[in-house]
Amino acid sequence: MFTLLSGEKIAKKLLRGLKKEIRGQSFSLAIIQIGKNLVSEKYIREKEKIAQSLGFGFELHKFPTATKVSALKSAIEKIANNPKNTGILIQLPLPSHLPLQEVLDCIPLKKDVDVLSSQALGLFAQGALPWLPPTVKAVSILLQEAKVQLKGSCVLVIG
């Protein structure tokens, strides 16, 4: 026997609550995309739509596939140093010539939205990060809302 859980209604409810909670505050998300990827572009459009619905600023920084790591790291540093950008994420996947972790590690801890830098992952693994990675938080909320008992269960997460 299985139970299919959908987070769509829960997400809409959470977004309405979040919109009220953050009223009067200023946030801006900077997304860095290297190369073209149709799936990534769909995810980016969804992120932009949600950011706009919450009243967040949104910037998409696109770089060509052939971007050299030194130029990319320099650009990420500049984006990170802009105080307007309160959150940064690097849209994955990266082109194969770019060293994934080295690029992710350019994001400062306080702006690491996806919790993918070595510092953020390390703190998360130690239980010392004051926030959860987005997917972990989303699954946690979904299971709580559905009152799922995990003990003795098998779980499959899709999407």
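Just so you know, these numbers come straight off a predicted model, no measurement behind them.

## Some remarks on the overall build of the protein
Inference 1: If you tally the helices and strands in the protein, you get six helices and three strands.
Inference 2: Going from N to C terminus, the protein has its helices and strands arranged as α-β-α-β-α-β-α-α-α.
Inference 3: With the C-alpha coordinates of the protein rotated into their principal frame, the extents come out at 50 × 35 × 35 Å.
Inference 4: Every one of the 159 residues in the protein was classed for burial, and the buried ones make up 30%.
Inference 5: Counting only contacts in the protein whose residues sit at least 6 apart along the sequence, the fraction spanning at least 24 positions is 66%.

## Side note on the side chain of T67
Inference 1: Relative to the helices and strands, T67 resides in the loop between strand 2 (57–63) and helix 3 (69–81).
Inference 2: There is a polar contact of 2.6 Å between the side chain of T67 and the backbone oxygen of P64.
Inference 3: Excluding residues that lie within four positions of it along the chain, T67 makes contacts with L72, H97 and L98.

## A few points about the sheet that holds strand 2
Inference 1: Ordered in space as 2-1-3, the three strands form an open sheet in which the pairing is parallel. Two strands lie at the open edges of the sheet, namely strand 2 and strand 3 (87–90), each paired on one side alone. Going across the sheet, the axis of each strand differs from the next one's by a mean of 15°, ignoring polarity.
Inference 2: Inspection of the sheet shows strand 1 (residues 28–34) paired to strand 2 by seven bridges, in the parallel sense. The partner of I34 across the bridge, within strand 2, is F63.
Inference 3: Helix 3 rests against strand 1, strand 2 and strand 3 of the sheet, and its axis sits at about 175° to strand 1.

## With respect to the nonpolar core
Inference 1: The biggest cluster of nonpolar side chains holds 17 residues, and the ones touching the most others in it are I32, I34, L72, I76, I88, I90 and V103.
Inference 2: Of all the secondary-structure elements, those providing two or more residues to this core are strand 1, helix 3, strand 3 and helix 4 (100–104).
Inference 3: Sequence-distant contacts of I76, defined by excluding residues within four places in its chain, comprise I32, I90, V103 and C106.
Inference 4: Among the nonpolar cores identified, the runner-up in size contains six residues, and L29, I31, I44 and A51 belong to it.

What counts, and where the lines are drawn
Residues numbered from 1 in each chain as written. Predicted model: local features only at pLDDT ≥ 70, side-chain atom pairs only at ≥ 80, totals over all residues. Heavy atoms only, no water. Helix = DSSP H or I, 4+ residues; strand = E, 2+ residues; numbered from the N terminus. Buried < 20%, exposed > 50% of the residue type's maximum accessible area, 1.4 Å probe, protein only. Contact = heavy atoms within 4.5 Å. Polar contact = N/O pair within 3.5 Å; in protein donor to acceptor, adjacent residues only side chain to side chain. Pairing = 2+ DSSP bridges. Axes fitted to C-alpha atoms, helices over the stretch in contact; angles between N-to-C directions. Core = buried A, V, L, I, M, F, W, Y, C linked by side-chain atoms within 4.5 Å.

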